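Each chain, letter by letter, is given below.
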Amino acid sequence: MAEEIVQTMRSAGYTVVETNPFEKPVNTTPGGRPETPYVQRIRLLWADMRQAVIDTLPAPAEASHDVMQVLADVEARYVTDAYHSLSIEGYRVTPELIEKVRQGNWDPDGDDKGARDAMAARGYFEAHNAVKESVGNIVKGQNPGEELRKSHSAWYRALFAPSVQAGVLKPQDLAGYRNDQVFIRGALHVPLSKEAVRETMPVLFELISKEEHPAARAVLGHFLFVYIHPYMDGNGRLGRFVMNALLVTGGYPWTVIPVEQRKAYMSALEQASTHRNILPFAEFIGKLIAEQRERPLERPGNRVAAAA
C-alpha cells in the first residue's frame, strides 16, 4: 500500500523522499482480525466455480518461456483488442485513431484536448504497455497473482493518465481504490461496498497466486475483478487485461471479446454475479479461445464503433 501511494505521488509530479521511522523492530501483538463475510464470499465463489471453468475451457497448450515471442503475439493483436475493448465501453474509436495514438501523434494540448475518445485510446495504449511489462515478468517466472497485486494499480493510473494530463481528472483521482458506491447500468448485481473492496482485493490476488490451473486463474480473475469493481471507472477494461495477462502466460492466446457480442458477454457476467452460475461465462470465453487459437480475430475495418 505504501508503494502504491509513493508511485501515485510520483506520477502526479511530486518528489517523494522515503525515510524509515522504525529503526528498531516493532513489537507485534498476538491474534489477528477475523475474515469478513465479504472475504468468505470471494473464497467460496472461487472454490465453487473453479472446477466448472477447468472442465469447460479448452486444455491449455504448454506455456511459452520466450518473452519476445509472447509479447510479439500480444502486440500483433493490439489494434483489434483496443478497438473492441473500448467499443464495449461505449467509446467511438477507429483503427486510425488507435494507430494515431500508438505512434505518439496524440496532442493533449491541441486538437485532442478534451477529446474523450482520443484520451481513452491513449490511456488504453499506455495501460496495454504496462500489461505487457507484467506479462513479461510472469513469463520470466514471477508468480501471476503476486505480479498482478503489484502492478494492477499502475495499469489503472496508465489508463487514466491522459485525462489527468488534459485536465479532465485531478491527480488525486488516481490514488487508490474507489471511495464511493458504484452501480452497473442494466445489471442486477451491485458491486461490493467501498469498505469491502479493501478487504477483498488482496484475497483475489492471493487466490490467483495459489491457483494451479491457468483457465481458473484467467476466467475467475476477470469475473471476480469486475464482481468487486474496485474503481469508479475502467473496471471492464482492467478485468479483460487481467484475464488476458493470465491467458497468455498460461498457454492460451490473447482473446478479444468482440463488441458485437457485448450483450452475450454482459449477460454471462450477470449470470455469474447474480445467480452464481459461472458456466455461461466459461462457455462464452472458451468458445472465443478455441476460435482465436485457430485464427486471431480480424483487424476491424475503417468503420466507427458504436456501443452495443
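Before reading further, recall that the structure is shown in the block above.
In short, a report on the structure. Keep in mind that what you see is a predicted model, and the values were worked out from it rather than measured. (Residues numbered from 1 in each chain as written. Predicted model: local features only at pLDDT ≥ 70, side-chain atom pairs only at ≥ 80, totals over all residues. Heavy atoms only, no water.)

### Side note on unusual backbone geometry
Generally, phi is negative for residues other than glycine and the peptide bonds are trans, each holding for most cases. Unlike most non-glycine residues, His229 shows phi in positive territory, near 60°. Among the structural elements, His229 can be located in the loop between helix 9 (214-228) and helix 10 (235-248). Even without glycine at this site, Arg276 takes up a positive phi of about 55°. (Helix = DSSP H or I, 4+ residues; strand = E, 2+ residues; numbered from the N terminus.)

### Focus on the packing of aromatic side chains
On inspection of all chains with the given rule, the structure shows 11 aromatic pairs. Considering the side-chain rings of Tyr124 and Phe241, the 4.8 Å spacing of their centres and the 35° angle between planes classify their relative orientation as tilted. With a gap of 117 residues between them, Tyr124 in helix 6 (residues 116-139) and Phe241 in helix 10 connect regions that are remote in the sequence. With relative accessibility at 1%, the residue Tyr124 sits in the buried group. With centroids separated by 6.3 Å and ring planes inclined at 35°, the aromatic side chains of Tyr265 and Phe281 adopt a geometry described as tilted. Of the two residues, Tyr265 is situated in helix 11 (residues 262-275) and Phe281 in helix 12 (residues 279-294); the sequence distance between them amounts to 16 residues. One aromatic cluster in this structure is built from Tyr78, Tyr124, Phe125, Trp155, Phe241 and Trp254. (Phe/Tyr/Trp six-rings, centres within 6.5 Å; stacked < 30°, edge-to-face > 60°. Buried < 20%, exposed > 50% of the residue type's maximum accessible area, 1.4 Å probe, protein only.)

### With respect to a nonpolar patch on the surface
Taken together, the side chains of Ile5, Met9 and Tyr14 define a hydrophobic patch exposed on the protein surface, amounting to about 320 Å² of accessible area. Within the fold, Ile5 resides in helix 1 (residues 2-11). Residue Ile5 is classed as exposed on the basis of its relative accessible area of 54%. (Patch = residues over 30% accessible without salt bridge, like charges linked within 9 Å, V, L, I, M, F, W, Y side chains within 5 Å. Areas by Shrake-Rupley, 256 points an atom, 1.4 Å probe, with all protein chains shown as cover. Salt bridge = Lys/Arg side-chain N within 4 Å of Asp/Glu carboxyl O.)

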